[in-house]
Amino acid sequence: MNHVKEDLGVPAPKAGHKRVVVIGGGFGGIRLVQALRKLPLQVVMLDKNNYHKFQPLLYQVATAGLEPNTIASPLRKLSRNSANYHFRLTEVEQILPDQYRLRTDNGTIRYDYLVIATGAKDNFFGQKDLEANTFALKEIPGALDIRTTILQNFEKAMLAGDDAELQRLMDYVVVGGGPTGVEVAGALSELRDYILPKDYPELNFREMDIYLVEANDRLLKSMSEKSSLHALEALGKMGVKVILNDRVKSYDGRVLTLGDGRQIDTCTVIWAAGVTPALIPGLKPQSFEQGNRIRVDAFNRVVGEEDIFAIGDVATMQGEKLPKGHPMLAPVAMQQGVHLGRNFRRLVQGEPLKPFKYWDKGTMSTIGRHRAVADLPFMHLSGWPAWAAWLLIHLFFLIGFRNKLLVVLGWTWSYFTYQGALRLLVRPKAKEETKAAALLEV
């Protein structure tokens, strides 16, 4: 008979210490844990993966630009020298606020303070066919699925029996014209122009079409019109076929149908059209705002709760200048994680909490080699300067010296040789099988 350990095997806190449970090892969660490191608190992090992923570079894993271990860092390394930090690989199924407990797939755990930092997940807007047949880009296994599928498509294209099947294998559709969609479309274009022709010289890559579908009237809707126009022009020069003001109506795995009736034959559709908060059942209905984000006060405390906090994409803190809350961006989560850590220090010391204020340092998106856009507080950048700034900033926020070094080496090698990561078919499985592989060994 199996016996579940009490509190997931986490020892009781030291005398006088309270337990802070953090759900989620994303940008907000890891910044919070680092800020709590030296406080008289027991910190327990729960996550369904044993690693933190640097999500802004996932698209480079998907398009064979980087290996997955270069953008992942083990969560157990966050505070190896701290006896007060514990990590458990588990998925939280329900919050039980009245009992100050969490129910997970491995048992329950008690908390004194709870921090929800679960981030966001893909939003398919209720379209089951899109959820089942497209490739999402929110997790490392999903990025590896995309990379494996791309390589398998071209191996199959070498043996295609008719032109229709050949075209279906070689054409790609990216849905969503935000930063992720623009970056993926640009990376696919560079694969087509610089790398794949060397690997498959028998194929005519002038016949490879890349489509980017956006429901709004411009790309990069959250950025300035200058950035949107520059991205549109750059992608056009790179041979990407951009479709604006149209939505995907359906996709059966072979034919994608748009709202205006147009159809595109393709085996591969990459979904980057929107996200929704990754919620956990248990909170009161009044704790949620329109759009299903958790309502928090100026201190990131969940409305209606005294000892539960939420940070990052899952939370919304409204103000006069932000009627829809803060944007769902990594800098918001990181700043909230650091600030909440400081407020926990004040809480421990019996001092009043201070309200959170977001410092908007700007938004940027890369399009391809020497092509990027950046909306900074006092200027707009595009082209090579924006591309260089994008590289430096993403390198700065990577976790761990090893990862920074590997990414620099990978980027340098790619820049001078026009070659990315090793394009090995090491996961030749169907999409449904690989989706279950959520544990990355790093």
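Before going into details, it helps to say that this report is about the structure given with it. As the structure is a prediction and not an experimental result, all values here were calculated from the model. (Residues numbered from 1 in each chain as written. Predicted model: local features only at pLDDT ≥ 70, side-chain atom pairs only at ≥ 80, totals over all residues. Heavy atoms only, no water.)

### Some points on the overall build of the chain
Consideration 1: Across its full length, the chain carries 11 helices and 25 strands.
Consideration 2: At 23 Å, the chain has a C-alpha radius of gyration in line with the 22 Å of a compact globule built from 442 residues.
Consideration 3: Projected onto its principal axes, the C-alpha coordinates of the chain cover approximately 70 × 60 × 45 Å.
Consideration 4: Evaluated residue by residue, the chain yields a buried proportion of 52% over its 442 residues.
Consideration 5: Contacts spanning at least 24 positions in sequence make up 65% of the contacts within the chain whose residues lie at least 6 apart.
Consideration 6: Total accessible area on the chain stands at roughly 21,100 Å², and carbon and sulfur atoms take up 54% of it.
Consideration 7: Side chains of the chain carry 55 positive and 47 negative charges; the gap between the two charge centres is 8 Å. (Helix = DSSP H or I, 4+ residues; strand = E, 2+ residues; numbered from the N terminus. Rg over C-alpha atoms; globule rule 2.2 N^0.38 Å. Buried < 20%, exposed > 50% of the residue type's maximum accessible area, 1.4 Å probe, protein only. Contact = heavy atoms within 4.5 Å. Areas by Shrake-Rupley, 256 points an atom, 1.4 Å probe, with all protein chains shown as cover. Lys, Arg positive; Asp, Glu negative; His and termini not counted. Charge placed at Lys NZ, Arg CZ, Asp CG, Glu CD.)

### Some remarks on the side chain of His-339
Consideration 1: With respect to the helices and strands, His-339 occurs in helix 8 (residues 330-348).
Consideration 2: Assessed through its relative accessible area of 13%, His-339 is described here as buried.
Consideration 3: Filtering out sequence-adjacent residues up to four positions away, His-339 remains in contact with Lys-354, Pro-355 and Phe-356.

### Description of the pairing of strand 25 (residues 379-382)
Consecutive residues of a regular strand have side chains that alternate between opposite faces of the sheet.
Consideration 1: Note: strand 24 (residues 371-376) against strand 25, 4 bridges, orientation antiparallel. Looking across to strand 25, one finds that Asp-375 is bridged to His-380.
Consideration 2: Counted along the chain from strand 24 to the antiparallel partner strand 25, the turn is 2 residues long. (Pairing = 2+ DSSP bridges.)

### Notes on helix 6 (residues 179-199)
Consideration 1: Between its terminal C-alpha atoms helix 6 stretches 28 Å, which fits the 30 Å expected from 21 residues at 1.5 Å a residue.
Consideration 2: By the largest-angle criterion, Arg-192 marks the main kink of helix 6, which is about 45°. (Expected span 1.5 Å × (residues − 1). Bend = angle between axes of the 7 residues up to and from the residue.)

### Overview of the sheet that holds strand 5 (residues 85-89)
Consideration 1: Taken together, the 5 strands give an open sheet; going across it, the order is 5-2-1-9-21, and neighbouring strands pair in parallel fashion. The two strands at the open ends of the sheet, each matched to only one other strand, are strand 5 and strand 21 (308-310). Each strand axis lies, on average, 20° off the axis of its neighbour in the sheet, ignoring direction.
Consideration 2: Across 5 bridges, strand 2 (residues 41-47) lies against strand 5 in parallel orientation. Note on strand 5: the bridge partner recorded for Met-45 is Phe-87.
Consideration 3: Of the strands in this sheet, strand 1 (18-23), strand 2, strand 5 and strand 9 (113-116) touch helix 1 (residues 27-35), which is tilted by about 160° from strand 2. (Axes fitted to C-alpha atoms, helices over the stretch in contact; angles between N-to-C directions.)

### Comments concerning empty space enclosed by the protein
Using a probe with the size of a water molecule, rolled over the atoms, empty space left in the structure can be pinpointed.
Consideration 1: All told, the structure shown has 5 cavities of 30 Å³ or more when counted by the stated rule.
Consideration 2: Computed from the structure, the largest cavity encloses a volume of approximately 60 Å³.
Consideration 3: Every residue lining the largest cavity is counted, 10 residues in all, and those nearest its centre are Leu-36, Arg-37, Val-43, Ser-82 and Tyr-85.
Consideration 4: Taken together, the residues of the lining of the largest cavity break down into 6 nonpolar, 3 polar and 1 charged. (1 Å grid on protein atoms, 1.4 Å probe; cavity = no way out; pocket = protein on both sides within 12 Å on 5 of 7 lines; lining within 4 Å. Points joined across faces, edges and corners; volume = space filled by probe spheres on them. Nonpolar A, V, L, I, M, F, W, Y, C, P; charged D, E, K, R; others polar.)

### Digging into the nonpolar core
For soluble globular proteins, the rule of thumb is that nonpolar side chains tend to be buried together.
Consideration 1: Counting 63 residues, the largest nonpolar core has Phe-154, Leu-188 and Leu-235 as its most contacted members.
Consideration 2: Excluding residues that lie within four positions of it along the chain, Leu-188 makes contacts with Thr-63, Ile-150, Tyr-172, Val-174, Met-208, Ile-210 and Ile-270.
Consideration 3: Of all hydrophobic cores here, the second largest spans 26 residues; its members include Ile-23, Val-92, Tyr-111 and Phe-356. (Core = buried A, V, L, I, M, F, W, Y, C linked by side-chain atoms within 4.5 Å.)

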